[in-house]
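Structural characterization, general
Spelled out, the chains give:
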Amino acid sequence: MNAQPASSTGVSPVLHERDARGTSAPEQMDLVVVGHVDHGKSTLIGRLMADTGSLPLGKLEQVKALCARNARPFEYAFLLDALKNEQTQGITIDTARCFFKTPRRYYIIHDAPGHVEFLKNMVTGAARAEAALLLIDAHEGIQENTKRHGYILSMLGLRQVAVLVNKMDLVGYSQPVFNLITQEYSEFLAGLGVRPARFIPIAAREGVNIVTLSQPMPWYAGPSVLEQVESFTKMSGDQDRPLRLPVQDVYKFTEAEDERRTIAGTIDTGTLRAGDEVLFLPSGKKSTVKTIEAFSAENPREATAGQAVGLTLTEQIYVRPGELLVRRSDPPARVGTRFRANIFWMGRAPMLPGKRYKLKLGAARVPVELAEIRNVLDASELTSIRGKRQVDRHDVGECVFETARPVAFDLAAECEKTARFVIVDNYEIAGCGMVLEQVSAEESLLAKQVHRREITWQKGHVTPAERAAQYHHKGKFVVVVGEPHPGLPQLAKQLESRLFREGVHTYYLSLSNVFDCLGGTDESSPLAHEEQLRRLGELARLVTDAGLVFITALENADQHDLAKLKLLNEPHELFVVCRGDETPGSFPVNVQLSPKQDQDEAIQAVLQALKDQGVTPDYSI
Ligand code: GTP
Ligand code: MG
């Protein structure tokens, strides 16, 4: 195919953007251009815009004339600067993006600056790209950043990559130089699992092999840059993939009798339809989509990848923000606390095992620890440094991570969108990565901790059996769970009073008191909930060990919360009271109370169950 430059209509880039948003607009593709400082990114972009006739009418001449007046040699890169200042219809052009068009498509091109500091913008998703052009200066050869960019493209899941060997004029358009770079860099990329579609020798400044092939390199018979770009396939497949919708927010409307909840988020992949049977992960809760909400008049029947939506369900289940909504008939996402991942570390402080970080994966925010370093690569040399105990800035680590509670994710090979995550250290994005594999853990970090605690526990001489005999009841951790309602803590408190009157040594503690009395972490932090639970579990271990019936109420607890408390309370046991229609997932419940039961009936039922299960004696003292 020989690409035809579009006629120079002088359509402004801003108009391109607006057209591209229209319904009947031609296809749009996002490209990212990366490369080491000064390897020619801006020149290439300027060339592509000029040679495809995508510049506003007269712009090229204007910039050339300005250069001539100032006795400066004209640079195509100046076009980009000139466009930045351009005010077209009152809108300033986005500094990081440019546009060019062909009869086939509109291209949005992201100029990712070559400097290391800017990598952060790229890896944090500032560049949403479907394909990448990676520039190497033929004269300077492969530089540190050239390698880093290769790594990052692979981590961003970019599979459509063309490597442009630029400034061929500086090496006399030499085929051996081109071949050498091609060989060296393709070997490097192969190690990362990236197979570039093509290596193209170019001279961006001279316009050689940019739009059409030209004279100086008769030995090159492949496509020009534009032809290559035109042959990239549009990654529109997102909407046909399994449904993945991270739940950002849950809004509750309590007008009159209405208990409606709207679940809000942006669809990562797939298409959501009213009537879909869906599953929330990691909680495992199931429901059916009743409506898809729209701000404007009519509710749509479906919504697709990239769209922000609100939806309502047929059953009013409680869902927490941070869950991942999937369709029950689609391949499920994975749920777990351990995974192996590649991580690119940008933090000023190194990433250390045992330190707590925050993981952002989809809409989930959970505490995470580096459980194991399998390998560390120096991102420029890609030489592996085995046995390293930390991941330093600009290192790429292959690591195993463990989260404080289960998260839902996909693997990079399955769906890069829901495999991608970032790690926050001290409020800053310090690392980004992709999940490669789910790892099963014989023992979680928390279980190891509890195990250690039990081994080293200094016991007194009084045994639990002696305590139980003296107190006439066993020590137990009673957790009252259910939907948020003032009646829930009330139930727990009244239970404490009734047991106390029956001579049971008992103590009620609200989860919020754990913060009030212990202080410490920032309550608004997403890590707070996990830390609160951990402290509550440790306290429960002490109080039940002392032979008391320790009572708390937990709103919206799921099976993972209860599993955590159970683990922390070991070797003692949990006694779960559940009020409401919803059970905490698969976690066994000791007493299920109907929401219709009044408080007195509910208390009676719990007291009876405690007796039946031998916690309290079958008589009152
Ligand atoms: P940063 O944005 O600073 O990372 O640089 P860049 O990659 O955008 O490079 P830019 O396009 O600004 O080009 C850097 C210099 O290389 C400019 O002086 C260009 O004129 C020059 N240059 C670009 N392409 C070619 C080429 O094909 N041949 C020669 N000889 N010089 C080129
Ligand atoms: Mg530049």
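Up top is the structure.
I will try to describe carefully the structure that is included in this document. What you are looking at is a predicted structure, and each value in this text was computed from that prediction instead of being measured.

To continue, consider the sheet that holds strand E9 (residues 245-246). Overall, antiparallel pairing links the 7 strands, which are arranged E9-E17-E13-E14-E16-E11-E10 in an open sheet. Edge positions in the sheet fall to E9 and strand E10 (249-252), since each of these pairs with one other strand and no more.

Attention now goes to the site of ligand 1. Taken together, 18 residues are adjacent to ligand 1, and Lys41, Ser42, Thr43, Glu75 and Asp169 come closest. Contacts to ligand 1 include His39, whose backbone N or O atom sits 3.4 Å from an oxygen atom. Considering ligand 1 on its own, with 650 Å² of exposed area, one finds that the protein chains cover 81% of that surface. Ranked by residue count, the leading element in the shell around ligand 1 is helix H2 (residues 41-51), at 3 residues. By residue class, the composition of the shell around ligand 1 is 5 nonpolar, 7 polar and 6 charged.

This paragraph deals with helix H11 (residues 487-501). For H11, spanning 15 residues, the distance from its first C-alpha to its last is 21 Å, which sits close to the expected 21 Å at 1.5 Å a residue. What H11 keeps buried is the set Gly487, Leu488, Leu491, Ala492, Leu495 and Leu499. Buried residues of H11, viewed axially, fall in a sector of 145 degrees; they line one side. H11 presents Phe500 and Arg501 as exposed residues on the side facing more than 90 degrees away from its buried surface. Among the residues trailing H11, Gly503 stands out with phi positive, at a value near 90 degrees.

Turning our attention to the pattern of salt bridges. Counting across every chain of the model gives 35 salt bridges. Across the salt bridge formed by Arg105 and Glu27, the nearest N and O atoms sit 2.6 Å from each other. Of this pair, Arg105 sits in strand E5 (residues 105-111) while Glu27 is found in strand E1 (residues 27-35), placing the two residues 78 residues apart along the sequence. On the accessibility criterion, Arg105 (0% relative accessible area) is buried. Within this structure, Arg320, Arg405, Glu530, Asp558, Asp561 and Lys564 form a network of salt bridges that share partners.

Turning to the nonpolar core, a few remarks are in order. Here is a general trend for soluble globular proteins: nonpolar side chains tend to be buried in one another's company. Membership of the largest hydrophobic core comes to 70 residues, with the highest contact counts inside it found for Leu31, Leu44, Phe100, Leu133, Leu164, Tyr185 and Ile202. Counting the residues that make up this core, at least three belong to each of domain 1 (13-231) and domain 3 (334-440). What Leu133 contacts, discounting residues up to four positions off in sequence, is Val32, Val33, Val34, Leu44, Ala162, Leu164, Val225, Val229 and Phe232. Core analysis: the next-biggest nonpolar cluster, separate from the first, contains 27 residues, Ala341, Tyr357, Ala430 and Val435 among them.

Take unusual backbone geometry next. Outside of glycine, negative phi angles account for most residues, and trans bonds account for most peptide bonds. Here Leu281 and Pro282 are connected by a cis peptide whose omega angle stands at 10 degrees. With respect to the helices and strands, Pro282 occurs in the loop between strand E13 (277-281) and strand E14 (286-293). Residue Pro571 is reached from Glu570 by a cis peptide bond, and omega for that bond is 10 degrees. Here Pro571 is to be found in the loop between helix H14 (559-569) and strand E28 (574-579). The backbone phi angle of His394 is positive, close to 70 degrees, even though this residue is not glycine. Looking at the element boundaries, His394 is found in the loop between strand E21 (384-385) and strand E22 (395-409). Among the residues examined, His394 registers a relative accessible area of 17% and is labelled buried.

Conventions adopted
Residues numbered from 1 in each chain as written. Chains lettered and ligands numbered in written order. Predicted model: local features only at pLDDT ≥ 70, side-chain atom pairs only at ≥ 80, totals over all residues. Heavy atoms only, no water. Pairing = 2+ DSSP bridges. Helix = DSSP H or I, 4+ residues; strand = E, 2+ residues; numbered from the N terminus. Near = heavy atom within 4 Å. Polar contact = N/O pair within 3.5 Å; in protein donor to acceptor, adjacent residues only side chain to side chain. Areas by Shrake-Rupley, 256 points an atom, 1.4 Å probe, with all protein chains shown as cover. Nonpolar A, V, L, I, M, F, W, Y, C, P; charged D, E, K, R; others polar. Expected span 1.5 Å × (residues − 1). Buried < 20%, exposed > 50% of the residue type's maximum accessible area, 1.4 Å probe, protein only. Arc of directions from axis to C-beta. Salt bridge = Lys/Arg side-chain N within 4 Å of Asp/Glu carboxyl O. Core = buried A, V, L, I, M, F, W, Y, C linked by side-chain atoms within 4.5 Å. Domains from an automatic or database assignment. Contact = heavy atoms within 4.5 Å.

Remember, this is a structural readout, not a statement about activity or role.
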